[in-house]
Amino acid sequence: MKQLLKIPFPRFAGSSQLESQMQLIDTHVHINFDVFNSDLEDIRQRWQQAGVVHLVHSCVEPQEFPAIKAIADRFAELSYAVGLHPLDAHKWTLTAAAEIEELAASNPRVVAIGETGLDFYKANNQEQQKFVFKQQLTIAQKLNKPVIIHCRDAATSMAEILYNFQKNQGLVRGVMHCWGGTPAETKMFIDLGFYISFSGTVTFKNAVQIQESAKMVDDERLLVETDCPFLAPVPKRGKRNEPAYVKYVAEKVAELRGVRLESLAAQTSKNACQLFGLNIYA
């Protein structure tokens, strides 16, 4: 029998229950980074005060896994992933796929593969990145877990890979994290059935394309995140980002979509639970 994830907030009976309590899920964090070592308990207190009831911790490379697991063992409200970031694609080995699969299957709190994907902005090893990404898609499909996708300056290649994978190998689901694409690019991934997650960049003054994308995503495919410690949202821009600041992301997305913050929080939390298989207990 599959072990259920105990998450400390009420079972969804609909959005109204969450709306009354303003509960958010930060779907992408990196709190294992050294910049959080000295005050992680204080950071936790702040995210709890901000209404953040659950976090999904991403993974840059499998070697991070023990540290991430240790944090998850401390904080019951944390789920996590395992994978290899595209900028670390050169670290892929003959045994990497087996290692990621074994780690992903080792604990029911591992809810995703990633982050993986393509980054053509900072690296030119495009073919290697594509190979590593496809390998991780295969693992995700085998384990029936979603993928957390990093995509920078690579939307066309990413959409082509996902389209061909789904056509030839079957369904794979996941989220385009820290999304920075144009509305046209956004539509490509919506059409492929992917969730779209917005980070602090959506609050930046000149982020017009991202803001337009945030308006067009279907309610059922919308997520919010911090990607902390990076990309702190306005009004915290330039500071170390942390999970409590996902509230500012949610506020901006709610403003752009013309909905109440409480409604946006309820919808994105429900979406996160559906994507990552988080089971909610009364």
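Residues numbered from 1 in each chain as written. Predicted model: local features only at pLDDT ≥ 70, side-chain atom pairs only at ≥ 80, totals over all residues. Heavy atoms only, no water.

(A) Layout of the environment of Leu84. The residue Leu84 is located in the loop between strand E3 (78-82) and helix H4 (96-104) in this model. Accessibility expressed as a relative area gives 4% for Leu84, which makes it buried. Between the C-alpha atoms of Leu84 and Gln136, which are 52 residues apart in sequence, the distance is 8.2 Å. (Helix = DSSP H or I, 4+ residues; strand = E, 2+ residues; numbered from the N terminus. Buried < 20%, exposed > 50% of the residue type's maximum accessible area, 1.4 Å probe, protein only.)

(B) Expanded view of the sheet that holds strand E6 (residues 174-176). Read from one edge of the open sheet, 8 strands run E1-E2-E3-E4-E5-E6-E7-E8, paired in parallel fashion. The open sheet terminates on both sides in strands that have one partner only, identified here as strand E1 (24-29) and strand E8 (222-224). Pairwise comparison of adjacent strand axes, ignoring direction, gives a mean angle of 30° for this sheet. Most of the contacts of helix H9 (residues 246-257) go to E8, to which it runs at about 145°, and overall it touches E1, strand E2 (52-57), strand E7 (195-198) and E8. (Pairing = 2+ DSSP bridges. Axes fitted to C-alpha atoms, helices over the stretch in contact; angles between N-to-C directions. Contact = heavy atoms within 4.5 Å.)

(C) Representation of the pattern of salt bridges. Evaluation of the coordinates by the stated rule reveals 16 salt bridges. The residue Lys215 makes a salt bridge to Glu212 at a minimum N-O spacing of 3.0 Å. One end of the pair, Lys215, and the other, Glu212, are both in helix H8 (residues 208-216), 3 residues apart, so they sit about a helical turn from each other. Here Glu212 falls in the partly exposed class, since its relative accessible area comes to 36%. The closest approach of N and O atoms between Glu255 and Lys252, which form a salt bridge, is 3.4 Å. With Glu255 and Lys252 both in helix H9, this residue pair falls 3 residues apart, about one helical turn. Because the salt bridges share partners, they merge into one network encompassing Asp39, Arg46, Arg240 and Glu242. (Salt bridge = Lys/Arg side-chain N within 4 Å of Asp/Glu carboxyl O.)

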